Structures are given as C-alpha cells and as structure tokens.
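Observations on the three-dimensional arrangement
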Amino acid sequence: MTLTLAPLLLDAGIDPAQTLVIRHAFVTEPEESGLTGLHADSTHAEILAYTATQSSDSRRFPAVPPRLWVVFIKEGGDQARLWSVVENRGETARDDIRRTFDVSETEHMADLRGRLVIGWKSPRTWRMSAAAAGKYPVVGIADAEPIPFPGFDRLILSHAQLQAVMREHRYASWRTALSSVFGIYLITDTRDGRHYVGKADGEESIRQRWHAYATNGHGGNVELKTLDPSSFRFSLLRVFDPATPTRDINAAESHFKVALDSVRHGLNRN
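This write-up is about the structure you can find in this document. Counting restarts for each chain: residues are numbered from 1 in the order of the written sequence. In keeping with the predicted nature of the model, local features appear solely for residues at pLDDT of at least 70, side-chain atom pairs appear and are counted solely at 80 or more, and the whole-chain, interface and lining totals rest on all residues. As a rule here, side-chain values cover all heavy atoms of the structure and leave hydrogens and water aside.

Overview of helix H8 (residues 246-259)
Spacing of three or four residues puts side chains on the same side of an α-helix, whose turn is 3.6 residues. A run of H or I in DSSP becomes a helix once it reaches four residues, and a run of E becomes a strand once it reaches two; helices and strands are each numbered from the N terminus. To estimate how far a helix should extend, the number of its residues minus one is multiplied by 1.5 Å. Helix length check: H8 (14 residues) gives 20 Å between terminal C-alpha atoms against 20 Å at 1.5 Å per residue, within 8%. Contacts are residue-level and defined by heavy atoms, with any inter-residue pair within 4.5 Å sufficient. Tucked into the core, H8 has its buried residues touching strand S10 (182-189), strand S11 (194-200) and strand S12 (232-240).

Focus on the pairing of S11
Taken across its seven residues, S11 has five buried, putting it largely inside the fold. The criterion for strand pairing is that DSSP finds at least two bridges linking the strands in question. Alignment of S10 against S11, held across seven bridges, turns out to be antiparallel. Residue pairing across strands places aspartate 189 opposite arginine 194, the latter belonging to S11. Throughout, exposure labels follow a simple rule: accessible area from a 1.4 Å probe, protein chains only, divided by the maximum for the residue type, with under 20% read as buried, over 50% as exposed, and the rest as partly exposed.

Side note on the pairing of S12
The pairing of strand S9 (residues 156-158) with S12 spans three bridges and is classified as antiparallel. Residue pairing in the sheet places leucine 157 in a bridge with phenylalanine 234 of S12. As judged from the eight bridges shared by S10 and S12, these two strands associate in the antiparallel manner. Pairing of aspartate 189 across the sheet is with phenylalanine 232, part of S12.

Focus: the packing of aromatic side chains
Classification of ring pairs uses Phe, Tyr and Trp, with its six-membered ring standing for Trp, and accepts pairs whose centres are within 6.5 Å; under 30 degrees between planes counts as stacked, over 60 as edge-to-face, and the remaining range as tilted. Tallied over the full model, the rule gives 14 aromatic pairs. Summarising the aromatic geometry, the rings of tryptophan 120 and tyrosine 136 are spaced 5.4 Å apart at their centres and angled 75° between planes, so their arrangement reads as edge-to-face. Of this pair, tryptophan 120 sits in the loop between strand S6 (116-119) and strand S7 (127-129) while tyrosine 136 is found in the loop between helix H3 (130-133) and strand S8 (138-141), placing the two residues 16 residues apart along the sequence. Of the two residues examined, tryptophan 120 and tyrosine 136, each falls in the buried class. Consider the rings of phenylalanine 149 and phenylalanine 152, whose centres lie 5.2 Å apart with planes at 70°: the pair is edge-to-face.

Right, here's the structure in full:
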C-alpha cells in the first residue's frame, strides 16, 4: 500500500479541506505576473517573502485563500520537497498585479521540513487544495540531521518545540543534556506574561519533568490544567548537578518565585 500525503497532514493536525498546497519552482526569468522568481540560492527569508506575494488574478490564486498553506519546492521533473507550513493571517496590500499577505511559519510538520518528498503529478499545476494534493504519493522521507544543543542558558522552547525535542531523533543530544541536570525552570504564558516557576530534583531530571509537560501540557500542576499549553514558553533559570543538596535547589526555587512574583501575579499557587 502506497503512503500518501493525506495521513501526514492529518497527523500534523492539518485539515485538508481547509488548507492550500503550493509548489514553488526555480525560474530564470520574471513570471508573467511580474513577480521575481526563486532561484537555487534563494534564502529562507526570500522564499517566505515570495510565498507571501501572490498574483491579483483570481484565476491564478484564490480570492479567499485558507489559513494554512503547505509549501513545497519543485525537485526534479515530478517531485516536490516540503519547505514549510505557513499561516495566512490576512491580506495586507493589493494592486493590479499582486497581492501581499501576512504569512508566518508554523510548527506544523516542522519535523518533516526538507525531508518529505512527494510525487507531483501535474507539472503545470503549482497550487491546489490539500484534499487534492493529499492523494499524491510519498516518494521518501530523509533522515533528520541532528541539531546541536544550544546550551542551557539559550534554551527557549514553545510547547510544540518541546514536544519535538522529546520525540524526534534529531534532538537526541538535547535529551541527553536535559537528563544530566536538575534545576529551576520557567514557564511563561505568552498570552498574558504570567510566570510559573518549577523545579526538577530528587528522582526527576529536567528531561523527565519536561517530558510530562510535553505529554499533557500541565505536568500535573493544578493552575496550568485550565490553560492552553500552545501559548507556553519553556526556559531554564538555573541548572544543578544531580549531587546538589535538595535544600539548595529549594532555596533557588523560592528565590525565583519572589524575583518573578509568580505567586501573587503569576501561576504558582504557593
């Protein structure tokens, strides 16, 4: 049985009926619409800007495009490689030639960026509904390149990124690093800026504690159970060697709760 794009979209939480699939191709001359085409050396930012700029001709691009766009880059004669999934936040400008949209990358299918290759049956068709593209076969999924651990003091993760770190092979070194330390961590609800200060000690490393958040979003914390974890941002305030006395870790936790006022005006209950 041939694997197709459709189940990968559904697994990523993408509704094919409400999603557009776009395939960019490298060109050597300006397109008929007057848009400057992409080339093999186009940067990530240039590809995003190109995606955000579409033709004003409604025959070339939907008058009311959906929120999510799955973007591929043409590869070979009849294949396309996943570039990214972007969110369309609305049209920002328009003239007789082009329309500009506010688009930003999402975490949908982030683990498959640059890895997923599908067959593209219609060489002249560069955009279609995800329901139609969902029938296209998966040609291959390349092994993910390992991502170097950035260091404890540079670690800032969204909830979706935390889930990827705990699940994907390319983050193996991150899990190893987080398994080696206890510490004080910070969860920030980016919707209102409130903080939750937590600790990992005793039998739980940072990795074990954060795995709980990746799994259920709240890690058993009562106050967090009422909130949507998609707006959470995770970072480390201080790390400790596992041999550190528990009293020292408790003292650090108390210090940061006071410093960040996370009890009176945050998400800590005590």
